[in-house]
2 protein chains.
Amino acid sequence: MTYCVGLLLNEGMVLLSDTRTNAGFDNIAIYKKMFTFEEPGERVVAILTAGSLSVTQTTIARLKEAIHDPDATEDSSILKAPTMLKVAEIIGNMLAQVRLDIDEKLSAMKQSASASMIVAGQRRGGEMRMFLIYPEGNFIEATEDTPFLQIGEHKYGKPILDRVVKPETSLADAQKAVLLSMDSTLRSNLSVGMPLDLAVIERDGCRIASRRRIEAGDENFRAMSEAWSRALREGFSQIRI
Amino acid sequence: MTYCVGLLLNEGMVLLSDTRTNAGFDNIAIYKKMFTFEEPGERVVAILTAGSLSVTQTTIARLKEAIHDPDATEDSSILKAPTMLKVAEIIGNMLAQVRLDIDEKLSAMKQSASASMIVAGQRRGGEMRMFLIYPEGNFIEATEDTPFLQIGEHKYGKPILDRVVKPETSLADAQKAVLLSMDSTLRSNLSVGMPLDLAVIERDGCRIASRRRIEAGDENFRAMSEAWSRALREGFSQIRI
């Protein structure tokens, strides 16, 4: 499984993904689930993926091919698309097509494959936008009322986001919130695993402002995780019922 | 949906269930999901239910019929069964039978019905035991390593339990833990709803030591929920990344 989360805030966007992929419990591997595309200052697109690796890898590979195709058009390349809505449509259509292709192959084995994605980005002159793309290719968008989107094992880490994330949350607090949301998920579900990929896109920057891989032994992450456990235990001990 | 949780601790057992039942999003009702059976001082059995209401109600109704049947035997009545393991077997068999009956009726509509249960109890001279009974009638048991069991929407409320519940947790802290676990679930998932039923069984008491219904407007629950939110926000604000 997977856990990916994206926040759409007044100051920018924060994205976090894990890297664990498993085929059964005995075949676990590390695969990147965050893909970024940019012409710095002009446009930036980040994609987070969850679901069948064969579907997500093929979708990303075809999106890259379309970008590098010398005949690429506004309708085929996510770096040529005139709006973020068009970017979401291109990715949604590609995902749906790949899923159908692979589903057809798998149907002989009575299996099926599925995947979903979070797409976040901005074009110069446009708004920052963030979409959750469903396996069928349709999508929903993050709004002021719901400034975060999650894919994969989303339930363990939702309570902390519900409580602390608002559009006016700072980018520093937002990174803390997604890391703590991931920390709760990592503790409660073995199928989500380190290392993590964390990226920040600042409003109107149209570039990846920072990108960081957090490895399994990361000292800062461990300290944050322990501080949070301590804060929860202290908070818990002070509550009266 | 539903959220029910049971803790098996050195001092006793704590059980909590919500009461929301829905057939679709537009048909929501309140149904009790906690059922207790006791001969105080001799034996106590508590059952928490999740899943299709037609399955759980019929199963509970038949278990009650078997208790009141003048010809009840050790193999049919959960208040005559010689051990808690036997109680779990009786309930598991009944649940599997009812589910099969109802599944057969529903198969004409290409639907299916399922349910699971938590069973907790003690017989005088025996140990406290707690089981999670699957729709097929098989079951697992809470142990020292995993002193809690959950059914229904269990993911939102698992992180807090993972962090604070141990066999040596006091009954007071245990009640706080299950209520906070429920609070996280209520906030993040509309299909789980107030009022709540909370019960405590003390070790070797072989009776329901306390049982409380917490209504939607309950002042103590609201205060606890707000104190927890405050503690989380304060903890959050103090963490450095």
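Look above for the structure.
From a predicted model like this one, the values you see are computed outputs, not experimental measurements.

About the cut-offs
- The residue numbering used here restarts from 1 in each chain and proceeds along that chain's sequence as written.
- Key to labels: chains lettered from A, ligands numbered from 1, both in the order written.
- Per-residue local features of the predicted model are confined to residues with pLDDT of at least 70, and side-chain atom pairs are confined, for both listing and counting, to 80 or more; whole-chain, interface and lining totals are unaffected and use all residues.
- As a convention, hydrogens and water are excluded, and side-chain values are obtained from all of the structure's heavy atoms.
- The copies were overlaid with a least-squares fit restricted to C-alpha atoms from residues scoring a pLDDT of at least 70 in each copy.
- The criterion used for residue contact is that any of the two residues' heavy atoms lie within 4.5 Å.
- Numbering goes from the N terminus for both helices and strands, where a helix is a DSSP run of H or I of at least four residues and a strand is a run of E of at least two.
- Given a helix with a known number of residues, its expected span is that number minus one, times 1.5 Å.
- Burial classification: accessible surface area is computed with a 1.4 Å probe over protein chains only, and a residue below 20% of its type maximum counts as buried, one above 50% as exposed, and the rest as partly exposed.
- Accessible area that two parts lose when put together, evaluated with a 1.4 Å probe and summed over both, is termed the buried area.
- Think of a salt bridge as a Lys or Arg side-chain nitrogen and an Asp or Glu carboxyl oxygen that are within 4 Å of each other.
- N or O atoms within 3.5 Å of each other form a polar contact, as long as, within protein, one can give a hydrogen and the other can take it, and as long as residues adjacent in sequence are counted only when both atoms are side-chain atoms.
- Following the grouping adopted for this structure description, the nonpolar residues are Ala, Val, Leu, Ile, Met, Phe, Trp, Tyr, Cys and Pro, the charged ones are Asp, Glu, Lys and Arg, and the polar ones are all others, Gly among them.
- Within this scheme a cavity is a closed region of a 1 Å grid, computed over the protein atoms alone, that accommodates a 1.4 Å probe without allowing it to escape, whereas a pocket is open but has protein on both sides within 12 Å along at least five of seven lines; lining residues each have an atom within 4 Å of a point.
- Grid points are joined across faces, edges and corners, and a volume is the space filled by probe spheres set on the points.
- A pair of strands counts as paired when DSSP detects no fewer than two bridges linking them.
- Geometry is summarised by axes, namely lines fitted to C-alpha atoms with helices restricted to the contacting stretch, and by angles between N-to-C directions that run from 0 to 180 degrees.

### Considering the relation of the copies chain A and chain B
Copies of the same chain, two in number, are related to each other by a rotation about an axis and a translation along it. With an RMSD of 0.0 Å, the fit of chain A onto chain B corresponds to turning through 180° and sliding 0.0 Å along the axis. With respect to symmetry, the two chain copies, as superposed, fit the operation of a two-fold axis. When C-alpha positions in chain A are compared against the rotation axis, the closest is assigned to Tyr156(A), at 2.3 Å. Residue by residue, 100% of the interface of chain A is reproduced at the interface of chain B, so both copies engage with the same surface.

### Some words on helix α4 (residues 171-188) of chain B
Taking 1.5 Å of rise per residue, 18 residues should cover 26 Å, and α4(B) covers 26 Å from first to last C-alpha, within 8% of that figure. Of all 18 residues in α4(B), 15 are buried; the element is thus mostly enclosed.

### Considering the interface of chain A and chain B
Each partner contributes residues to the interface: chain A has 35 residues there, and chain B has 35 residues. Regarding the contact of chain A and chain B, the summed buried area is about 3,100 Å², with carbon and sulfur atoms giving 68% of it. The interface formed by chain A and chain B contains four salt bridges. Residue Asp183(A) pairs with Arg163(B) through a salt bridge whose shortest N-O separation is 3.3 Å. Run the count over chain A and chain B and you get 16 residue pairs in polar contact (both at pLDDT 80 or more). At the level of elements, α3 (158-164), α4 (171-188) and α5 (219-238) of chain A are the ones that each hand at least two residues to the side of chain A that touches chain B. Per-class residue counts for the side of chain A that touches chain B are 16 nonpolar, eight polar and eleven charged.

### Structural notes on helix α5 (residues 219-238) of chain B
Residues and elements named next belong to chain B. Taking 1.5 Å as the rise per residue, α5 with 20 residues should run 28 Å; its terminal C-alpha atoms sit 28 Å apart, in good agreement. For α5, the complete set of buried residues consists of Phe221, Met224, Ser225, Ala227, Trp228, Ser229, Ala231, Leu232, Gly235 and Phe236. Where α5 begins, the side chain of Asp218 points an oxygen toward the backbone nitrogen of Asn220, at a separation of 3.1 Å.

### Things to note about empty space enclosed by the protein
Summed over all chains, the structure comprises two cavities of 30 Å³ or more. Approximately 180 Å³ is the volume attributed to the largest cavity. Along its surface, the largest cavity is lined by 15 residues, and Pro159(A), Ser184(A), Pro159(B), Ser184(B) and Leu232(B) are the ones closest to its centre. Elements with a minimum of two residues in the lining of the largest cavity: α3 and α5 of chain A together with α3 (158-164) and α5 of chain B. Its residues assigned to classes, the lining of the largest cavity shows ten nonpolar, three polar and two charged. By volume, the second largest cavity amounts to about 40 Å³. Forming the walls of the second largest cavity are Ile241(A), Leu179(B), Arg212(B), Ile214(B), Asp218(B), Asn220(B), Phe221(B) and Met224(B). With three residues, the top contributor of residues to the lining of the second largest cavity is α5(B).

### Things to note about unusual backbone geometry
All names here are of chain A. A cis amide bond, omega -5°, links Met194 with the succeeding residue Pro195. A positive phi is found at Cys206, a non-glycine position, where the angle reads about 55°. Tracing the chain through its elements places Cys206 in the loop between β11 (196-202) and β12 (210-214). Overall, the relative accessible area of 2% leaves Cys206 in the buried class.

### Examining the pairing of strand β6 (residues 43-51) of chain B
Residues and elements named next belong to chain B. Summarising burial for β6: eight of the nine residues are buried, a large majority. Bridge count for β6 against strand β7 (residues 115-123) is nine bridges, and the pairing is antiparallel. Looking at the pairing, Ala46 lines up with Ala120 of β7.

### Digging into the pairing of strand β2 (residues 12-17) of chain A
Residue and element names in this part refer to chain A. Of all the six residues making up β2, six are buried; the element is thus mostly covered by neighbouring parts of the structure. The alternating pattern of β2 places Gly12, Val14 and Leu16 and Met13, Leu15 and Ser17 on opposite faces, both of which are buried. Alignment of strand β1 (residues 3-8) against β2, held across five bridges, turns out to be antiparallel. Bridged to Leu7 within β2 is Val14.

### Examining the sheet that holds strand β5 (residues 34-39) of chain B
All names here are of chain B. Taken in spatial order, the five strands of this open sheet run β5-β6-β7-β8-β9, and their pairing is antiparallel. The open sheet has two edge strands, β5 and β9 (139-141), and neither has a second partner. Here the strands of the sheet are splayed against their neighbours by 15° on average, with no regard to which way each runs. Where β7 lies against strand β8 (residues 129-133), five bridges are found, and the strand directions are antiparallel. Residue pairing across strands places Ile118 opposite Leu132, the latter belonging to β8. On the sheet, helix α1 (residues 53-68) packs against β5, β6 and β7 and is oriented at approximately 160° with respect to β6. Across the sheet, helix α2 (residues 84-107) lies against β6, β7, β8 and β9, angled at about 160° from β7, the strand it touches most.

### A short note on the sheet that holds strand β11 (residues 196-202) of chain B
All names here are of chain B. Sheet architecture is open: five strands sit in the order β10-β1-β2-β11-β12, paired in antiparallel fashion. Lying at the two open borders of the sheet, with one neighbouring strand each, are β10 (148-152) and β12 (210-214). On average, adjacent strands in this sheet sit at an angle of 10° to one another, irrespective of strand direction. Two elements, β11 and β12, share five bridges in a ladder whose sense is antiparallel.

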